[in-house]
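Residue strings, one per chain:
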Amino acid sequence: MLRKSFLFILLLQFSFSFGQLGSEATNGDVSFNSGWLFQKGDPSGAEKSTFKDADWHKLNLPHDWAIEGPFDKKYNARTGGLPVHGTAWYRKHFTIDKKYAAQQIAILFDGVMNNSKVYINGTYIGERPFGYMGFELDLTPYITFGEENVIAVRVAPEDLASRWYSGAGIYRNTYLKINNPVHIPLWGTYITTPKVSDEKATVKIETTIKNADGKKVSVTLETKIIDGLNNVVASSSQKIGLEKSSEKVVIDEIVVNNPNRWGIENPYLYDVVTQVKKGNIILDEYSSTLGIRSIYFDAKKGFLLNEKPVEFNGVCMHHDLGPLGGAVNYRATERQMQIMQSMGVNALRTSHNPPSPEMLQICDKLGIVVLDEAFDEWKIPKVINGYNKYFDEWHERDLRDMIKRDRNHPSVIMWSIGNEIIEQREKDGWKVAKMLNDICHDEDHTRPTTAGFNNYGGAFKNKLAYQIDIVGLNYKPFDYAATVKDNPDMILYGSETSSQTSSRGTYALPITHDHKKETLEVSSYDVTVGPPWAYPPDVEFDVQAENPTFLGEFMWTGFDYLGEPTPYGGRDNSTDGYWNADWPVHASYFAPVDLCGFPKDRYYLYQSQWTTEPMVHVLPHWNWEGKEGEEIPVFAYTNCDEVELIVNGKSLGKKIKGVDTTDIPAEFRGFEKGMYTSKYRLSWNVPYQPGSLRVIGYKDGKAVAEKIINTAKKASKIRLTADRTEITADGKDLSFIEVDITDADGNLIPNADNQVQFTIEGAGILAAVGNGNPASLESFQDTKIKAFNGKCLFVVKSTEAAGNITVSATSNGLESSKIIVKTK
Ligand code: GAL
């Protein structure tokens, strides 16, 4: 039953004005990640308690079997050239003390990729085809207390089921939940702030209480709002009577005076702690994160966060963690978003599926607003074994669960019901859109819905675009103005933009629009046309400026990801539609940051547009042996007013950003596909002589930023730089060690491909290696890898023992290097 209010229907027409929300943490749940047994294949009887599993592989979750490889041409390059399909089983033996015999026992999976079926002591208890949604199963009737129980999970992802790397296995966290029969169930609080001002905020809390007992009960529900300094800033208490075997939703409104508002600059979080009490005994305690903020969307004013306009400097991201694969890791996710934030990102589109719970916790904490997306497919397939197979039976449950799970996060500001859905082209596609839209509003009346459209003709003509609140346009910068003109009351933004491609540190001369098939690399001058729909970032910067009512953009993509190796690869009919045409490419080239998290030049182009802390960047490298005397195009990116270029100590003068014309031939300039405009890039043609390139950025006439690139001499050393030299000894935390091949003076050797061998001693283990080259078939799980354009990455994970981790790196002919990471 839909509960859409009349007031809300009125609001929907042109704008949204709602309060803030918080996120969820479930107290008292214990991690259920350790001590699992794993076996690939589908042995009969693997669900039974008595099944012989003593020789199975022991592991801790989260686990993604596909990242272990090997890469193989027989696997689809579109999904990473890794084994993301197949059947495997996970089993765990566990005992629950008899003292819990009167309690409710459940298992919570944050996500299993995919087609999971779960058994306890041989009995089937549930399944979930969709790999991106978490689910809980009640174990209470099946547990033998005080004796061994066995939970068994069959996981069976199919080939041709995804357009990107999905990973495979129980790839998110798992919890065992032990609850009193009277408790707050999963996703049991819904927190909104219907009224927010600087003076006070009204926090509305809808709490579900469940009584799983056979007799009626009366309890007290106590709710406290706690600030960052652990002070209780507001509270309430109510007496509640519950019938036997029943659930009740209790509504409470609490006022917080002088609220510290959540926002991009100040992501301030409160805790909401809810206790269910019987007398003085606490039966259950449940904690939710609260961020007090208001959001408002308007066709003229754009997006207002706490009454102030915010333009989305957004990125789309897939969920994989590059060399670490699909298995969720808090630190790796946090690092991704910190790198994005340093580029100026303030918004994330979780393309094209619900993210991990950790991603939303991180966005809450960092102050990044999120467009939470549900689907890439409805009923009509994009890939034959995709979500279309499950849509009819599962879409409602998956979508409702996503919203219930995520609706307390202050970072989440919109629900996306789909990406480039094929139903756009269908006459009746709007009916499905309406149904999904209504589900979103039924579960959450505080946020608008959206979708990303690429087929405007279809989406507008068939009315699909009119079923949702805010319309996302994918890759149509030249149509923005006309769309605004034709739909003056529509709220619009660029849901997917640019899709420029490049390889970190690769520069093809002379600069060209084409990528070179022989090299399997794409030039970082960023004028290359990748796929036919792609265009450089500059074009989007221009159209956003020319269409100020647009909410901003979500660039494709923040990080390179595994799979979809465009512009290489494509349909290869000899392999039955597998995308292996340009094997061995198996990862994307789209992002301004490579698979390892190393910035490409494009990162600085975005930074020059999206940040204000003075910066200047110069490209290419300055090692052009054999090209002495030839003119090399030099580009500078800055957020300063002007840039001075100094070559080998001699100034070539200053150029003013957005004013001075570029030296680059006109065929690469302009406002078209494959072009860039000199508004955003300064450029010179510089006759090459070895030495140095130095750029100085000036603001109000003062030198405020500088960068130097020297011609590197002979490769001589390895430099190791850890993102953190002290990490937590929890068996999960990571240190990302950046590896540079340098000359004796520490200058990066720009094309070095030396193989580096690593050893680890002490309190750590290998997590992954990588080099950011989408065509490298080297394993991510080895202790050696070749540098790509001078760099590679070594990721080390703590154990649960505190101590020192010593990582050493050696390579033939180079001075070796060592770094120590402390764990505590
Ligand atoms: C879009 C699509 C994305 C990705 C991108 C590559 O059309 O929505 O998932 O495939 O193209 O440019």
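You'll find the structure just up there.
Summary of the structure given here. (Residues numbered from 1 in each chain as written. Predicted model: local features only at pLDDT ≥ 70, side-chain atom pairs only at ≥ 80, totals over all residues. Heavy atoms only, no water.)

**Remarks on the nonpolar core**
Point 1. Ranked by internal contacts, the top residues of the largest apolar core, which has 120 residues, are Phe297, Phe312, Met337, Met340 and Trp378.
Point 2. Setting aside chain neighbours within four positions, we find Phe312 in contact with Phe297, Phe303, Asn346, Ala347, Val369, Ile413, Met414, Leu551, Gly552, Glu553 and Phe554.
Point 3. Listed in part, the 40 residues of the second largest apolar core include Trp36, Val112, Phe145 and Ile170. (Core = buried A, V, L, I, M, F, W, Y, C linked by side-chain atoms within 4.5 Å. Buried < 20%, exposed > 50% of the residue type's maximum accessible area, 1.4 Å probe, protein only. Contact = heavy atoms within 4.5 Å.)

**Observations concerning the site of the ligand**
Point 1. Close to the ligand lie Arg163, His352, Asn419, Glu420, Tyr475, Glu496, Ser499, Trp533, Trp556, Glu564 and Phe590, which account for all nearby residues.
Point 2. The contact in question runs from an oxygen atom of the ligand to an N or O atom on the side chain of Glu420, over 2.7 Å.
Point 3. Here Glu496 contributes a side-chain N or O atom positioned 3.0 Å from an oxygen atom of the ligand.
Point 4. For the ligand, whose free accessible area comes to 310 Å², the fraction covered by protein is 94%.
Point 5. Across the shell around the ligand, the residue classes tally to four nonpolar, three polar and four charged. (Near = heavy atom within 4 Å. Polar contact = N/O pair within 3.5 Å; in protein donor to acceptor, adjacent residues only side chain to side chain. Areas by Shrake-Rupley, 256 points an atom, 1.4 Å probe, with all protein chains shown as cover. Nonpolar A, V, L, I, M, F, W, Y, C, P; charged D, E, K, R; others polar.)

**Description of the packing of aromatic side chains**
Point 1. Per the stated rule, a full pass over the model turns up 35 aromatic pairs.
Point 2. Ring geometry for Phe51 and Trp56: centres 5.7 Å apart, planes at 65°, overall edge-to-face. Trp56 shares its class with Phe51; the two are buried.
Point 3. Both rings, one in Tyr493 and one in Phe554, keep their centres 5.8 Å apart while their planes meet at 75°; by these two values the pair is edge-to-face. Of this pair, Tyr493 sits in strand β30 (residues 491-498) while Phe554 is found in strand β31 (residues 552-556), placing the two residues 61 residues apart along the sequence.
Point 4. Overall, the relative accessible area of 1% leaves Tyr493 in the buried class.
Point 5. Taken together, the aromatic side chains of Phe130, Tyr132, Phe375, Tyr387 and Phe391 make up a single cluster linked through ring pairs.
Point 6. The ring of Phe736 is capped by Arg335, whose NZ or CZ atom sits 4.1 Å from the centre of that ring. (Phe/Tyr/Trp six-rings, centres within 6.5 Å; stacked < 30°, edge-to-face > 60°. Helix = DSSP H or I, 4+ residues; strand = E, 2+ residues; numbered from the N terminus. Lys NZ or Arg CZ within 6 Å of the ring centre and 35° of its normal.)

**Let's talk about the sheet that holds strand β44 (residues 784-786)**
Point 1. Read across the open sheet, the five strands follow the order β40-β47-β46-β42-β44; overall the sheet is mixed. The two strands at the open ends of the sheet, each matched to only one other strand, are β40 (726-727) and β44.
Point 2. By the bridge criterion, two bridges tie β40 to strand β47 (residues 817-823) in an arrangement that is parallel. Pairing of Glu726 across the sheet is with Lys822, part of β47. (Pairing = 2+ DSSP bridges.)

**Observations regarding the packing of helix α2 (residues 330-343) against helix α3 (residues 357-366)**
The relative placement of two packed helices comes down to the angle between their axes together with the axis-to-axis distance.
Point 1. α3 packs onto α2 with a crossing angle of 40° between their chain directions and a minimal axis gap of 10 Å. Compared by their axis directions, α2 and α3 come out oblique. The hand of the α2/α3 crossing is right-handed. Across the interface between the two elements, Tyr330, Thr333, Glu334, Gln336, Met337, Gln338 and Gln341 from α2 touch Glu358, Met359, Gln361, Ile362, Cys363, Lys365 and Leu366 from α3.
Point 2. Tallied by class, the residues present in the contact of α2 with α3 amount to six nonpolar, five polar and three charged. (Axes fitted to C-alpha atoms, helices over the stretch in contact; angles between N-to-C directions. Parallel < 35°, antiparallel > 145°, perpendicular 65-115°, else oblique. Left-handed = near helix turned anticlockwise from the far one by under 90°.)

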